[in-house]
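# Geometric and topological summary
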Amino acid sequence: MSDMRLVVVGAAGRMGRMLIRAIHDAPGCVLSAAIERPGSPHLGQDSGLLAGLPANAVPVSDDAASAFAAADGVLDFTMPEATVAFAALAAQARIAHIVGTTGLEPPHLAALEDAARDTAIVRSGNMSLGVNLLAALVRKVAATLGTDWDIEIVEMHHRMKVDAPSGTAVLLGEAAAVGREVDLAQQRVAVRDGHTGARVPGTIGFATLRGGTVVGDHKVVFAGTGERLELAHIAEDRGLFAQGAVKAALWSRGRAPGLYSMADVLGLDGL
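Attention here is on the structure that accompanies the text. (Residues numbered from 1 in each chain as written. Predicted model: local features only at pLDDT ≥ 70, side-chain atom pairs only at ≥ 80, totals over all residues. Heavy atoms only, no water.)

### Let's talk about the sheet that holds strand E4 (residues 73-76)
Note the threshold: The pairing criterion for strands is at least two bridges between them, as found by DSSP. Under the scheme used here, helices are H or I runs from DSSP no shorter than 4 residues and strands are E runs no shorter than 2 residues, and both carry numbers assigned from the N terminus. Residue contacts are counted whenever heavy atoms from the two residues lie within 4.5 Å of one another. Helix axes use the C-alpha atoms of the stretch in contact, all axes being lines fitted to C-alpha atoms, and the angles between their N-to-C directions lie in the range 0 to 180 degrees.
Here we have 7 strands laid out as an open sheet, ordered E3-E2-E1-E4-E5-E6-E12, and parallel in their pairing. Of all strands in the sheet, those bounded by a partner on one side alone are strand E3 (60-61) and strand E12 (258-260). The pairing of strand E5 (residues 96-99) with strand E6 (residues 120-123) spans 3 bridges and is classified as parallel. Directly across from Ile98, in E6, lies its bridge partner Val122. Helix H9 (residues 239-252) contacts strand E1 (4-9), strand E2 (29-35), E4, E5, E6 and E12 of the sheet and is inclined by roughly 155° relative to E5.

### A short note on H9
Rules: For a helix, the expected span equals 1.5 Å multiplied by the residue count minus one. Buried means the residue's accessible area, taken with a 1.4 Å probe over protein chains only, is under 20% of the maximum for its type, while exposed means over 50%, and partly exposed covers the values in between.
Counted at 1.5 Å a residue, the expected span for H9 with its 14 residues is 20 Å, and the 20 Å between its end C-alpha atoms agrees. Of all 14 residues in H9, 10 are buried, a share of seventy percent or more. Among the residues making up H9, those that are buried are Gly239, Phe241, Ala242, Gly244, Ala245, Val246, Ala248, Ala249, Trp251 and Ser252. At the exit of H9 stands Gly254, carrying a positive phi of roughly 80°.

### Concerning the pattern of salt bridges
The criterion, for reference: The salt bridge definition used is simple: a Lys or Arg side-chain nitrogen within 4 Å of an Asp or Glu carboxyl oxygen.
Per the counting criterion, the structure on display carries 12 salt bridges. Across the pair Asp114 and Arg117 runs a salt bridge whose closest N-O atoms are separated by 2.9 Å. One salt bridge in this structure joins Glu152 and Arg199, with 2.6 Å as the shortest N-O distance. With Glu152 in strand E7 (residues 150-157) and Arg199 in the loop between strand E8 (188-189) and strand E9 (204-210), the pair connects residues that are 47 residues apart, well separated along the chain.

### Here we look at the pairing of E2
This is how it is decided: Crossover handedness is defined here as right-handed if the route from the first strand over the helix to the second strand goes clockwise, with the strands pointing away from the viewer.
Counting buried positions along E2 gives 5 out of 7 residues, so the element sits mostly inside the fold. Summarising the sheet, E1 and E2 pair through 6 bridges and their orientation is parallel. Paired with Val8 across the bridge in E2 is Ala34. Read as a crossover between parallel neighbours, the route from E1 over helix H1 (residues 14-25) to E2 is right-handed. In this sheet, E3 lies alongside E2 in parallel orientation, the contact comprising 2 bridges. Each bridged residue has a counterpart across the sheet, and for Ile35 the counterpart in E3 is Ser61.

### Focus on the packing of H1 against H9
What counts here: Orientation is classified from the angle alone, with under 35 degrees giving roughly parallel, over 145 giving roughly antiparallel, 65 to 115 giving roughly perpendicular, and any other angle giving oblique. In this scheme the crossing of two helices becomes right-handed for a clockwise turn of the near helix relative to the far one and left-handed for an anticlockwise turn of less than a right angle.
At a minimum axis distance of 8 Å, the contact between H1 and H9 shows a crossing angle of 55°. Classified by the interaxial angle, the pair formed by H1 and H9 is oblique. The two elements H1 and H9 cross, and the hand of that crossing is right-handed. Here H1 contributes Met15, Met18, Leu19, Ala22 and Ile23 to the contact with H9, which in turn contributes Gly239, Phe241, Ala242, Gln243, Ala245 and Val246.

In short, geometric facts, not functional conclusions.
Take a look at the structure:
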């Protein structure tokens, strides 16, 4: 089988450049296009040089539609509105769409579900093996412990992160909700300020910290009476997210249309 042709959107961003490097280092795939927004100062630049690699003769372009038509998959760590637009183009081209974009709201998620009728989409708030293994453990622990154990999710990221709580924190909250067989939207407590009263039993709390250059720290606390269980993950290198996205792309090749997760990619659903 020929190498999988992959497009990187948001190619000039920090994650975009890491994705280009991850494709370069991974067997079985090749960078077919690098896409940036119209008017970007990086248009026309060699994407290999942009990512700190040798020149690869793939110039940065703003023509996503043409790039998708000549590719097998797209890696997308952009912004919610851009991801929705790319999802429509990927569905039209029938190519796999790997979505690592965070901050997605219900309308964005609904648009991805629509697009998944026509192509394979792998979406995750975090593409790393460790975080997805953590999510599987959180689901299992939440299913085992009763609601008299309180669940709190604490996350910290660098000062430049624009969405809160992080996509990874939401991923972990969803895992806890699935374990308890509840709707996260109904049980989620994202903000506490002032005189809040006692904690409502069964809720899933989130706490957000921002500062410095932290790549990503996440901790899920199960607090019972007289004891506490804590599960944590510390990311030290953003490159692991790019590597996971490439792994997801290779896994998605030839898959039936549908909305998949990294748990599917990594075979963690049975844990």
